[in-house]
Amino acid sequence: MSPERLLESPLTLELGQQVAETFSAMGDPSRVLILLNLSRQERCVSDLAALLGISESATSQHLRLLRTLRLVRARRQGRNVYYSLDDDHVRQLLTVAMEHVVGERMRSGPAR
């Protein structure tokens, strides 16, 4: 379905709730950094925890929420679980957000 047709679909409270939950999940800096790291390559919990400087337990909690909302997916290999973005839509959301933030910085000039 084209993006235009999606925006023309019936607007229900349930749809609004699901979209809000997606943006809410991306409203936490640690979760955004997890998603950005996963946009570059698949990683396990311990790698993500080390990159973010937070505990493996906290990282697992973030990943559990992201998995519930289908923003990331898990793949088991032996005793390890590797995470990646669920699909290209998540990458597109991150890209648009980064373009907005970086583009705004460029338009407003250097920080004073």
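Peer 1: Describe the side chain of Arg31, and please don't skip the residues or the numbers.
Peer 2: Here Arg31 is to be found in helix 3 (residues 29-40). Within the buried set, Arg31 has no salt-bridge partner at all; the shortest N-O distance to an opposite charge, 4.3 Å, is to Asp28. Here the side chain of Arg31 touches His62 through a polar contact of 3.3 Å, side chain to side chain. Apart from the residues lying within four places of it in its own chain, the contact partners of Arg31 are Ser24, Ala25, His62, Leu65 and Leu66.

Peer 1: Account for the sheet that holds strand 1 (residues 43-44), with residues named and values stated.
Peer 2: Reading across the sheet, the 3 strands line up as 1-3-2 and stay open at both edges, with antiparallel pairing between neighbours. Whereas interior strands pair on both sides, the edge strands pair on one side only; in this sheet they are strand 1 and strand 2 (72-77). Bridging between strand 1 and strand 3 (residues 80-85) involves 2 bridges; their strand directions are antiparallel. Bridge pairing in strand 3 places Arg43 opposite Tyr83. Where helix 5 (residues 56-68) meets the sheet, its contacts fall on strand 2 and strand 3, and the angle it forms with strand 2 comes to roughly 115 degrees.

Quick notes on the rules
- Residues numbered from 1 in each chain as written.
- Predicted model: local features only at pLDDT ≥ 70, side-chain atom pairs only at ≥ 80, totals over all residues.
- Heavy atoms only, no water.
- Helix = DSSP H or I, 4+ residues; strand = E, 2+ residues; numbered from the N terminus.
- Buried < 20%, exposed > 50% of the residue type's maximum accessible area, 1.4 Å probe, protein only.
- Lys, Arg positive; Asp, Glu negative; His and termini not counted.
- Salt bridge = Lys/Arg side-chain N within 4 Å of Asp/Glu carboxyl O.
- Polar contact = N/O pair within 3.5 Å; in protein donor to acceptor, adjacent residues only side chain to side chain.
- Contact = heavy atoms within 4.5 Å.
- Pairing = 2+ DSSP bridges.
- Axes fitted to C-alpha atoms, helices over the stretch in contact; angles between N-to-C directions.

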